[in-house]
Amino acid sequence: GPAPTQSVPEGPVRDPDVHARGVFQPSPEYPRRARVARVEGIVILDAIIRTDGTVGDLKVIQGLGMKCTEAAIDAVRQWRYEPASVNGRLVEQILTVEVAFSLE
């Protein structure tokens, strides 16, 4: 039969050969109400890192009140990455990201 070819998966992958690497990751704006209420914690999101290094769909895995989840989403949408690759070809990667809100 024909020799097996190295395939590149369809759609986003969780574990590429080369993982996406963050190159621009500004911190979220701390919502004023959350700061006044001294809300701290972590927002966890699953992000699709596109082949152009931009962030696509986001899914909230763990949110945080007082508009912190929304602030985290706004920040992560601006993040930029060196994209992931499989067998030398660029692929979309599903990346779990954590955005910390700390008053320190």
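Nothing here was measured: the structure is a model prediction, and the numbers come from that model.

Visitor: Please explain the sheet that holds strand β3 (residues 55-62) as it appears in this structure.
Guide: Within a beta sheet, neighbouring strands are joined by backbone hydrogen bonds and run either parallel or antiparallel to one another. Taken together, the 3 strands give an open sheet; going across it, the order is β3-β2-β7, and neighbouring strands pair in antiparallel fashion. Pairing within the sheet leaves two strands with one partner each, and these edge strands are β3 and β7 (93-101). Neighbouring strand axes in the sheet, compared pairwise and without regard to direction, differ in orientation by 30° on average. Alignment of strand β2 (residues 41-49) against β7, held across 9 bridges, turns out to be antiparallel. Paired with I42 across the two strands is A100, which belongs to β7.

Visitor: Before we go on, may I ask you to explain the pattern of salt bridges in this structure?
Guide: Side chains that carry opposite charge are capable of pairing whenever their charged atoms lie near each other. The tally for this structure, following the rule as stated, stands at 2 salt bridges. Here D46 ties to R14 by a salt bridge, and the two come within 2.6 Å at their closest N and O atoms. In this pair, D46 is assigned in strand β2 and R14 in the segment before β1 (21-24), connecting sequence segments 32 residues apart. Two residues, E82 and R21, come together in a salt bridge whose shortest N-O distance is 2.8 Å. In this pair, E82 sits in strand β4 (residues 80-82) while R21 sits in strand β1, placing the two residues 61 residues apart along the sequence.

Visitor: Whenever I open this one, the pairing of β2 confuses me. Can you help?
Guide: Walk down a regular strand and you will see the side chains alternate between the two sheet faces. The buried fraction of β2 amounts to 7 of the 9 residues, a majority that puts the element mostly inside the structure. Relative to β3, β2 is paired through 5 bridges, and the arrangement is antiparallel. Residue pairing in the sheet places I49 in a bridge with V55 of β3. Remark: 5 residues form the turn of the hairpin made by β2 and β3, two consecutive strands paired antiparallel; G53 in that turn has positive phi of roughly 90°.

Visitor: I would appreciate a short explanation of unusual backbone geometry in the present structure.
Guide: Working note: non-glycine residues mostly have negative phi, and peptide bonds are mostly trans. The backbone phi angle of R38 is positive, close to 60°, even though this residue is not glycine. Positionally, R38 belongs in the loop between α1 (32-36) and β2. For R38, a relative accessible area of 60% puts it in the exposed group. For N87, which is not glycine, the phi dihedral falls at a positive 50°. The residue N87 is located in the loop between β5 (84-86) and β6 (89-91) in this model. The exposure class of N87 is partly exposed, given its relative accessible area of 33%.

Visitor: I would appreciate a short explanation of the environment of V8 in the present structure.
Guide: Inspection of the secondary structure puts V8 in the segment before β1. For the pair V8 and S85, spaced 77 residues apart in the sequence, the C-alpha separation amounts to 8.9 Å.

Visitor: Help me understand the environment of T69 in this model?
Guide: Assignment of secondary structure puts T69 in helix α2 (residues 68-76). Remark: the alpha-carbon pair of T69 and F101, spanning 32 residues in sequence, is separated by 9.9 Å. Filtering out sequence-adjacent residues up to four positions away, T69 remains in contact with V43, V60, G63 and L64.

The rules behind each value
- Residues numbered from 1 in each chain as written.
- Predicted model: local features only at pLDDT ≥ 70, side-chain atom pairs only at ≥ 80, totals over all residues.
- Heavy atoms only, no water.
- Pairing = 2+ DSSP bridges.
- Helix = DSSP H or I, 4+ residues; strand = E, 2+ residues; numbered from the N terminus.
- Axes fitted to C-alpha atoms, helices over the stretch in contact; angles between N-to-C directions.
- Salt bridge = Lys/Arg side-chain N within 4 Å of Asp/Glu carboxyl O.
- Buried < 20%, exposed > 50% of the residue type's maximum accessible area, 1.4 Å probe, protein only.
- Contact = heavy atoms within 4.5 Å.

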